[in-house]
Amino acid sequence: MTKGITRERIVTAALELLNDTGMDGLTVRALASRLDVRASALYWHVRNKQELLDEMATEVMRRVTGALAAVPPGACWRDDLSSYARVLRSEYLLHRDGARTFSGTRITDPDVVRMKEPLFERWTAAGWKPADADDAVDVVTAFVVGFVIEEQERRQSAETDPTRYSTTLRDAWLGGGASLVKEAGHLRDDGDQRFERHLGKVLDGIAARPDA
């Protein structure tokens, strides 16, 4: 085992490499070069790229858990899920390709998974079933992942081509008619306002479950 190379150091360097190169440049070989070691040295700690991504996602979720611990408990499940969604999005946005990189990963730290226990205790005390509580967290997580993937892809594409999402060019491309589609396009807002509006619709859907 190469002296000085720890799993924590590998994950820190991997997150830095991700920010520099994006998902496509995140390889074990590139990470080894960044750490100035042979790629074989990393396999003492992570067996392959998927395991590396699992460890990176786990570190991100540790940070999410820490941030949520500083947030006072909500008055109800809706407050709890809103706080979780906002913190998760903020953490993903700190990293280039953040949501895309961490989608489909497996958490390797049981303490991170246990983070849900206090939430589930409060919600089940209010009449929720454990399965419904778990579904609610999964639905909100999936929403945040999808929203941030689109958010980051649009932002990065616009940096390359500032006209890519021009509503004026889109109107010309649509041609005559489609006035409502055009109007909606001009009202489109990106960022926090859109996130909060979409999150509200997701939470409304959870609230409408049959046993709510």
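Note that the structure is predicted; figures quoted are calculated from it, not measured. Counting restarts for each chain, with residues numbered from 1 along the sequence as it is written. Owing to the predicted nature of the model, reporting of local features is limited to residues with pLDDT of at least 70; listing and counting of side-chain atom pairs is limited to 80 or more, with chain, interface and lining totals taken over all residues. Side-chain metrics in this entry use all non-hydrogen atoms of the structure; hydrogen atoms and water are not considered.

A.B. asks: Residues and numbers for the overall build of the protein chain, please.
C.D. replies: Helix and strand counts for the protein chain come out as twelve helices and zero strands. For the purposes of this entry, the term helix denotes a DSSP run of H or I that reaches at least four residues, the term strand denotes a run of E that reaches at least two, and both are numbered from the N terminus. Starting at the N terminus, the α and β elements of the protein chain follow one another as α-α-α-α-α-α-α-α-α-α-α-α. With the C-alpha coordinates aligned to their principal axes, the bounding extent of the protein chain is approximately 65 × 50 × 25 Å. Using a 1.4 Å probe on the protein chains alone, a residue whose accessible area is under 20% of its type maximum counts as buried, one over 50% counts as exposed, and one in between counts as partly exposed. Here the protein chain, with 212 residues, has 40% of them falling under the buried criterion. In this analysis, two residues are considered to be in contact whenever any of their non-hydrogen atoms come within 4.5 Å of each other. Considering only residue pairs separated by 6 or more positions, the protein chain has 70% of its internal contacts joining residues 24 or more positions apart.

A.B. asks: Before we move on, could you go through the packing of aromatic side chains and cite the residues and values that matter?
C.D. replies: Here the aromatic set is Phe, Tyr and Trp, taking the six-membered ring for Trp, and pairing holds for ring centres within 6.5 Å; pairs whose planes are under 30 degrees apart are stacked, those over 60 apart are edge-to-face, and all others are tilted. Counting across every chain of the model gives seven aromatic pairs. Summarising the aromatic geometry, the rings of Tyr92 and Phe102 are spaced 6.0 Å apart at their centres and angled 20° between planes, so their arrangement reads as stacked. Of this pair, Tyr92 sits in helix α5 (residues 77-93) while Phe102 sits in helix α6 (residues 98-102); the two residues are ten residues apart in sequence, bridging distant segments of the chain. Across this residue pair, the class does not change: Tyr92 and Phe102 are buried. With centroids separated by 5.8 Å and ring planes inclined at 55°, the aromatic side chains of Phe143 and Phe147 adopt a geometry described as tilted.

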